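Chains, contacts and geometry: an overview
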Amino acid sequence: MKNKILFLLTAVCGGLLLAACAAPSVRNAGGQQSARPETTVRVLLAEKQKTASFKHSGLLYIYTKDRSKRYKISNAGTLSARALGGGKVQAGTLQSAQPVILEPAPGKTITFNGNAYAGKMYLVPDGNYFHIVEYVPLETYLYGVLPYEMSYTWPAEALKAQAVAARTFTLKSMETTGKRYFDLYNDVRSQVYKGTGKVYPSVKTAVDKTRGQILTFEGKLFYTYYHGNCGGATDSVTSWSPGAKAIKPLSGAKCGYDKHAKNYSWQQTVPRAKAESYATSLGLKGKLKSIKVARKTKTGRATNITVRTQKGSKTVACGNFRSAFGLKSCKITKLSLRKKDVLFKGRGSGHGVGMCQDGANGMAKAGKNYKDILKKYYPGAKITQVEDL
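In short, a report on the structure. (Residues numbered from 1 in each chain as written. Predicted model: local features only at pLDDT ≥ 70, side-chain atom pairs only at ≥ 80, totals over all residues. Heavy atoms only, no water.)

1. Describing the overall build of the chain
Under the convention used in this document: Working definition: helices are DSSP H or I runs of at least four residues, strands are E runs of at least two. Numbering for both runs from the N terminus. Partly exposed describes any residue whose relative accessible area lies between the buried limit of under 20% and the exposed limit of over 50%, with all areas from a 1.4 Å probe on protein chains only and scaled to the type maximum. When checking whether two residues touch, look at their non-hydrogen atoms; a contact exists if any pair is within 4.5 Å. A 1.4 Å probe and the Shrake-Rupley method give the accessible areas. Residues count as covered only by the protein chains that appear here. Positive charges come from Lys and Arg, negative ones from Asp and Glu, while His and the chain ends are left out of the count. The location of each charge is read from NZ of Lys, CZ of Arg, CG of Asp or CD of Glu.
Counting its regular elements, the chain contains 11 helices and 25 strands. For the chain, the spread of C-alpha atoms along the principal axes amounts to about 75 × 50 × 35 Å. Relative to its 389 residues, the chain shows a buried fraction of 52%. Look at the contacts in the chain between residues 6 or more apart in sequence, and 67% of them connect residues 24 or more apart. Entry remark: accessible area of the chain is about 18,100 Å², with carbon and sulfur atoms responsible for 49%. When the 62 positive and 22 negative side-chain charges of the chain are each reduced to one mean point, those points stand 8 Å apart.

2. Let's talk about helix H11 (residues 370–377)
This is how it is decided: The arc under discussion is defined with respect to the helix axis, by the directions toward the C-beta atoms. Polar contact is the term for a pair of N or O atoms within 3.5 Å; when the atoms are in protein, one must be able to donate a hydrogen and the other to accept it, and sequence-neighboring residues count only if both atoms are side-chain atoms.
Listed as buried for H11 are Tyr370, Ile373, Leu374 and Tyr377. The buried residues of H11 occupy one face: seen down the axis, they fall within an arc of 95°. Against helix H5 (156–175), strand S15 (213–217), strand S24 (355–356), helix H10 (357–365) and strand S25 (382–385) lie the buried residues of H11. Of the residues that open H11, the one with a side-chain oxygen 3.0 Å from the backbone nitrogen of Lys371 is Asn369.

3. A short note on the sheet that holds S15
What counts is decided by this rule: In this analysis, strands are considered paired if DSSP registers two or more bridges between them.
Reading across from one edge, S16-S15-S25 is the order of the three strands in this open sheet, with antiparallel pairing throughout. Two strands lie at the open edges of the sheet, namely strand S16 (220–221) and S25, each paired on one side alone.

4. Let's talk about H5
For the record, the criterion: One less than the number of residues in a helix, times 1.5 Å, gives the span that helix is expected to have.
Relative to the 28 Å expected for 20 residues at 1.5 Å per residue, H5 spans 29 Å between its end C-alpha atoms, a close match to the ideal helical length. For H5, the buried fraction is high: 17 of the 20 residues fall into the buried class.

5. Here we look at the state of the cysteines
Heads up, the rule is: Criterion for a disulfide: a pair of cysteine sulfur atoms at a distance within 2.5 Å.
Evaluation of the coordinates by the stated rule reveals one disulfide. The disulfide partner of Cys318 is Cys330, and the S-S distance across this bridge is 2.2 Å. Here Cys318 and Cys330 share a disulfide; its torsion about the S-S bond, -110°, makes the bridge left-handed. Of this pair, Cys318 sits in helix H9 (residues 318–325) while Cys330 sits in the loop between H9 and strand S22 (332–337); the two residues are 12 residues apart in sequence, bridging distant segments of the chain. No difference in accessibility class separates Cys318 from Cys330, as the two residues are buried. In this structure Cys255 is not part of a disulfide, and its nearest cysteine sulfur, from Cys230, lies 3.7 Å away. For Cys356, which is in no disulfide, the shortest distance to another cysteine sulfur is to Cys230 and amounts to 3.6 Å.

6. A word on the pairing of strand S4 (residues 60–64)
Strand residues, when the strand is regular, have side chains that alternate between the two faces of the sheet. For S4, the buried fraction is high: five of the five residues fall into the buried class. Burial along S4 is two-sided: Leu60, Ile62 and Thr64 and Tyr61 and Tyr63, pointing in opposite directions, are all buried. Taking the residues that link successive antiparallel strands as the turn, the S4-strand S5 (residues 70–73) hairpin has five residues, and the phi of Arg67 there is positive, at about 65°. Bridge analysis of S4 against strand S9 (residues 100–104) gives five bridges, and the strand direction is antiparallel. Across the sheet, Tyr63 pairs through a bridge with Ile101, a residue of S9.

7. Here we look at the pattern of salt bridges
Defined as follows: By definition, a salt bridge exists where a carboxyl oxygen of Asp or Glu is found within 4 Å of a side-chain nitrogen of Lys or Arg.
According to the stated counting rule, one finds 11 salt bridges in the structure shown. Between Arg189 and Asp187 there is a salt bridge, with its nearest N and O atoms 2.8 Å apart. A relative accessible area of 23% places Asp187 in the partly exposed class. Among the ionic pairs, Asp208 bridges to Lys204, the shortest N-O distance being 2.7 Å. Of this pair, Asp208 and Lys204 both sit in helix H6 (residues 201–209), four residues apart, which is roughly one turn of that helix. Note on Asp208: relative accessible area 30%, which makes it partly exposed. Within this structure, Glu47, Asp187 and Arg189 form a network of salt bridges that share partners.

Shown next as structure tokens:
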């Protein structure tokens, strides 16, 4: 096939092709690049794919995990992949029951679903499907997380705080990967990640200036949750996830720096028909009579909601209720069941645990540095270099 040239491993191990011949990066719980390889993060970009299309900006290497099959495409173009069934996948002309790796040459990228990636793409066969996972160095991964979790236009100190929080969350998540073929999702189930096709200077500076810095509590990593706006105060992790371990850094904190943001207070209406349908989905019969906050935290964040109809009632976790109705948060200050709709008023956005991002922005604008921000929202936590773990 034009522009596709079979190459021998022994003929190309060296020079510009060294990256293609090296073994995949070692996944290490350590962090900063030193004598040890930098931590590689495996990010799930798509699962259960039948077909996929990849645009490559230049030289691209395609090979099986054991490198028994391999070739390269010299020029920019588009590569197609498809599931063959029976646990096999095809990428270009290469077919295999092993993961197939697409590796762009240094300085080149692979574009998938509109986002450009510089890491290695693993096509992992799974029955009649295949999954797409990018293997990317930790610090590079953060370049692709920060601008989608916090505005790249925000002050440098807020971005630095976000970098430390995101780095810690990543490494903590990797502790519980087990035998799974990936470490993190590329969406809100983990952290939003859209590749590194566009690296903002402000983001790169924030990541580089905090390189290797993480948060620990009693010498261990913890999940450094963060959210958009806390509505005046954050809450304990147990208010959002009752089964979570209560620790001081996730015990809640007063904010006072988030009032400038549009999500500090909000109002939403939901059609009554949708509320009636929700009650039915809970197994309740009869006309909807009321929806009330059954329990809330000291800061006013609802933890449970009771839905009542003519023939019964049911109390549900506010997190599930919030998702069903598309509410910004569970810090509900007013709830009114009306003839045609349901009126909600509230404060904040997100789950309300850990760092308040609008608060971090406000603190940075007030002259606080990233260490002040982290100390406020993760009380009792310590900034540590990852290699010191």
